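Each chain, letter by letter, is given below.
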Amino acid sequence: MNRRRFLKTGAAAAASILAGPRLAFAADTEIVISPGDAGAVISPHLYGHFIEHLGGVIYDGVWVGRDSSIPNVDGIRKQFVDDMKRIGAPNLRWPGGCFADGYHWRDGIGKASARPRTYNFWQRRMPAGLDATESNQFGVHEFMHLCRLIGAEPYVAANVGSGTPSEFHDWVSYCNAPTGTLSLAEERAANGDPQPFGIRYWGVGNESWGCGGTMRPEEYATKYRQFITQFPNYTDPFLVATGPRGHSADGDIGWTTGFFDAMRGYEPPQGFSLHFYTDLRPTPIKAGDFKASEWYEVLLRGVRLEKVINDHWREMGKFDAAHRTKLVIDEWGVWYAPGSEITPAYILSETITLRDAIHTGMTFDIFNRHADKIAMANVAQSVNCIHSLFLAQGEKFVRTPVYHVFDMYRSHMGARQVPVSNPVADLNVPALAGQAHLPGLSASASIRDRRLTVTLTNPSLESALPLRVRFANGARATEARASVLTHSDMRATNSFTDIEEVKPAKHLVRVVADGLELTVPTHAVVLVECAIA
Ligand code: AHR
């Protein structure tokens, strides 16, 4: 597999060094960044999170209980809070996922010892002899305390599949009505929270085409309207309608067409959920042990997301040219077949390797480049699950390689997207069905207060990429620093016994007259931050 070369597009040869040692540098690859042409704000919410009552996500991952010897804040795992704060987690989606459409919020309030034990949707996936009964020890108050500790905006998925509009409205009122108004507000106060929760983001169901009710799009559109027409307006709501299963072979455009067609003449939702899993479950590809073709297969499937975003956005535009409805990619991640669970009861937990970190970098670059279309995105799921940032079991806790990519991309959050002209040729790579084309370099950039952030991912296992970054229209960097996430082993991971095997390191970047020079190593994510004059 060779990296095909391309012709330089600018005056790269004229560069002179302003800072940094002059080492032999043979970049014939140039990307052009235009800091003066900043576009859409990259909503911090694109770097969002998701936790579900599933396997070891809530119980053990997040909630260890007030009497636990594991360091906790009122029952919530302290390390989880600290690390989520550190990466500036902007939001948290809860309680599911498929769990949401079987969840009745009243089961999770009131005295903990009096809460009922209830059926959990995920019982059906538990290995024989293991029980998924929901204890309801983590309910809406505990969730809101977690959000407040982190500083994350709550995003609650309501039960449409087995609930009623009335149950939904009571839940919204319970959360958002000021005390002194509704009895439900007094009840919330009696349960410990006089201040309204002020929840703006509500998902009206989840995967209503599947576990959320196996509905057709027009049936769901009717339900959606029934659920939202009497919505108690205590906050300026952001309602998210169920959208397509974007990783379906056909991208599931039919759902989008059917929903918006059935919504003609009605108020459109603010958000339209798009789920996109890099779904390896039907393949022999394993989470922790794989060969080169399986490395590339995962990345090839992951970058399909860009086409899926464009396709659905175009379809939505046919019904709403002003694009009042934005995409909410509230579940995304690499989903492997079972086999690498932390422990059998923690269903859907996976080994997370450098491959998943590279996938994350490429995904975030897609989000950044489409920041005008996407209001929110939520990794599935933050801990002990698919594509997790953290694995936790009792006293043991580890940050996965994916965590480090979230950390590296932080400064894109809330900055304005900057165009990157990226003419790097595709790689011709081995994949499951033979040779295929994968972008040779993934890139995105953003600017805030003259601080430019550039993220670059080289998916190649074979060729490092010496790169010139040229700034358009005479922009100059006055200083720059870089870091890199990579490892000599493509299968590298962080485990409970080796928690820092994969972590970012400083990386060399040189400031030259009209840009930067650096090398993006093989299978690496690079972050460059610089000041622009
Ligand atoms: O994230 C795991 C599951 O994947 C969610 O519960 C569901 O919405 C999706 O199918």
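Basis of the calculations
- Residues numbered from 1 in each chain as written.
- Predicted model: local features only at pLDDT ≥ 70, side-chain atom pairs only at ≥ 80, totals over all residues.
- Heavy atoms only, no water.
- Near = heavy atom within 4 Å.
- Polar contact = N/O pair within 3.5 Å; in protein donor to acceptor, adjacent residues only side chain to side chain.
- Areas by Shrake-Rupley, 256 points an atom, 1.4 Å probe, with all protein chains shown as cover.
- Phe/Tyr/Trp six-rings, centres within 6.5 Å; stacked < 30°, edge-to-face > 60°.
- Helix = DSSP H or I, 4+ residues; strand = E, 2+ residues; numbered from the N terminus.
- Buried < 20%, exposed > 50% of the residue type's maximum accessible area, 1.4 Å probe, protein only.
- Lys NZ or Arg CZ within 6 Å of the ring centre and 35° of its normal.
- Salt bridge = Lys/Arg side-chain N within 4 Å of Asp/Glu carboxyl O.
- Disulfide = S-S within 2.5 Å.
- Pairing = 2+ DSSP bridges.
- Right-handed = clockwise from strand over helix to strand, strands pointing away.
- Arc of directions from axis to C-beta.
- pLDDT = per-residue confidence, 0-100.
- Contact = heavy atoms within 4.5 Å.
- Axes fitted to C-alpha atoms, helices over the stretch in contact; angles between N-to-C directions.

**Here we look at the site of the ligand**
Taken together, the neighbourhood of the ligand is formed by 13 residues, with Glu 52, Cys 98, Glu 207, Tyr 277 and Glu 331 sitting nearest. Within the side chain of Glu 52, one N or O atom sits 2.7 Å away from an oxygen atom of the ligand. Here an oxygen atom of the ligand sits 2.7 Å away from a polar atom, N or O, in the side chain of Glu 331. Protein burial of the ligand: of its 280 Å² of free accessible surface, 95% is covered by the chains.

**As for the packing of aromatic side chains**
The final tally for this structure, using the stated rule, is 35 aromatic pairs. The interplanar angle of 70° and the centroid separation of 6.2 Å between the aromatic rings of Trp 94 and Trp 171 together place this pair among those described as edge-to-face. With Trp 94 in strand β6 (residues 91-94) and Trp 171 in helix α3 (residues 165-176), this pair connects stretches of sequence that are 77 residues apart. Trp 94 gets classed as buried once you look at its relative accessible area, which sits at 0%. An angle of 70° between the planes, with centres 5.7 Å apart, marks the rings of Trp 171 and Trp 202 as edge-to-face. Placement of the pair is Trp 171 in helix α3 and Trp 202 in strand β8 (residues 201-204), with a sequence separation of 31 residues. Sitting above the plane of the Phe 50 ring, Arg 93 keeps its charged end 4.6 Å from the centroid.

**Digging into the pattern of salt bridges**
This structure, assessed with the given rule, holds 31 salt bridges. The salt bridge involving Glu 479 is made with Arg 451; its shortest N-O contact spans 2.7 Å. In this pair, Glu 479 is assigned in strand β22 (residues 477-485) and Arg 451 in strand β20 (residues 451-458), connecting sequence segments 28 residues apart. For Glu 479, a relative accessible area of 34% corresponds to the partly exposed category.

**Points about the state of the cysteines**
In the structure shown here, the tally under the stated rule is one disulfide. Across the disulfide, Cys 98 is cross-linked to Cys 211 (sulfur-sulfur distance 2.1 Å). Note on the Cys 98 and Cys 211 pair: the S-S dihedral is about -85°, so by sign convention the disulfide is left-handed. With Cys 98 in the loop between β6 and α2 (140-150) and Cys 211 in the loop between β8 and α5 (217-228), the pair connects residues that are 113 residues apart, well separated along the chain. Residue classification places Cys 98 among the buried residues on the basis of a relative accessible area of 12%. Look at Cys 211 and you get partly exposed, because its relative accessible area is 27%. You can see Cys 175 has no disulfide; the closest cysteine sulfur is in Cys 147, sitting 11 Å from it. With relative accessibility at 0%, the residue Cys 175 sits in the buried group.

**Quick word on unusual backbone geometry**
In this structure, the amide linkage connecting Trp 94 to the following residue, Pro 95, adopts the cis form with an omega of 5°. Along the chain, Pro 95 falls in the loop between β6 and α2. Across the junction of Gly 96 and Gly 97, the peptide omega takes the value 15°, indicating a cis bond. In this structure, Gly 97 sits in the loop between β6 and α2.

**Examining the pairing of strand β12 (residues 374-379)**
Of all the six residues making up β12, six are buried; the element is thus mostly covered by neighbouring parts of the structure. Here strand β11 (residues 326-335) runs beside β12; their pairing, made up of four bridges, is parallel. Its bridge partner lying in β12, Trp 332 is registered against Val 379. Following the backbone out of β11, through helix α8 (residues 354-369) and into the adjacent parallel β12, one traces a crossover that is right-handed.

**Details of helix α4 (residues 183-190)**
Those residues of α4 that fall on the buried side of the exposure criterion are Leu 184, Ala 185 and Arg 188. Along the long axis of α4, the arc covered by the buried residues comes to 100°, so they all point the same way. In this structure, α4 carries Ser 183 and Ala 190 as exposed residues pointing more than 90 degrees from its buried face. Directly beyond the C-terminal end of α4, a positive phi value near 110° is found at Gly 192.

**Quick notes on the environment of Ser 248**
With respect to the helices and strands, the residue Ser 248 is situated in the loop between β9 (238-241) and α6 (253-262). The exposure class of Ser 248 is buried, given its relative accessible area of 12%. Residues Ser 248 and Ser 460, spaced 212 residues apart in sequence, show a C-alpha to C-alpha distance of 26 Å.

**Looking at the sheet that holds strand β7 (residues 153-158)**
With respect to topology, eight strands assemble into an open sheet ordered β3-β6-β7-β8-β9-β10-β11-β12, the strand pairing being parallel. Edge positions in the open sheet fall to β3 (49-50) and β12, since each of these has one partner strand only. Bridge count for β6 against β7 is four bridges, and the pairing is parallel. Within β7, the position partnered with Leu 92 by the bridge is Pro 154.

**Comments concerning the confidence of the model for the protein chain**
Here the protein chain shows a mean pLDDT of 94. Residues at 70 or above account for 95%. Low confidence marks residues 1-24, where pLDDT is under 50. Its contacts with residues over four positions away, or in another chain, come to 54 contacts.

**Digging into the sheet that holds β22**
Strand order across the open sheet formed by six strands is β15-β19-β20-β26-β22-β23, with antiparallel pairing between neighbours. Two strands lie at the open edges of the sheet, namely β15 (416-418) and β23 (505-507), each paired on one side alone. Pairs of neighbouring strands in the sheet enclose a mean axial angle of 25°, with direction left out of account. Here β22 pairs with β23 via three bridges, running antiparallel. The residue of β23 that forms the bridge with Ser 483 is Lys 506. Sheet strands touched by α8: β15, β19 (442-448), β20, β22 and β26 (524-532). Its angle to β19, the strand with the most contacts, is close to 55°. Its contacts with the sheet put helix α9 (residues 401-408) on β22 and β26, and the angle it makes with β22 is roughly 170°.

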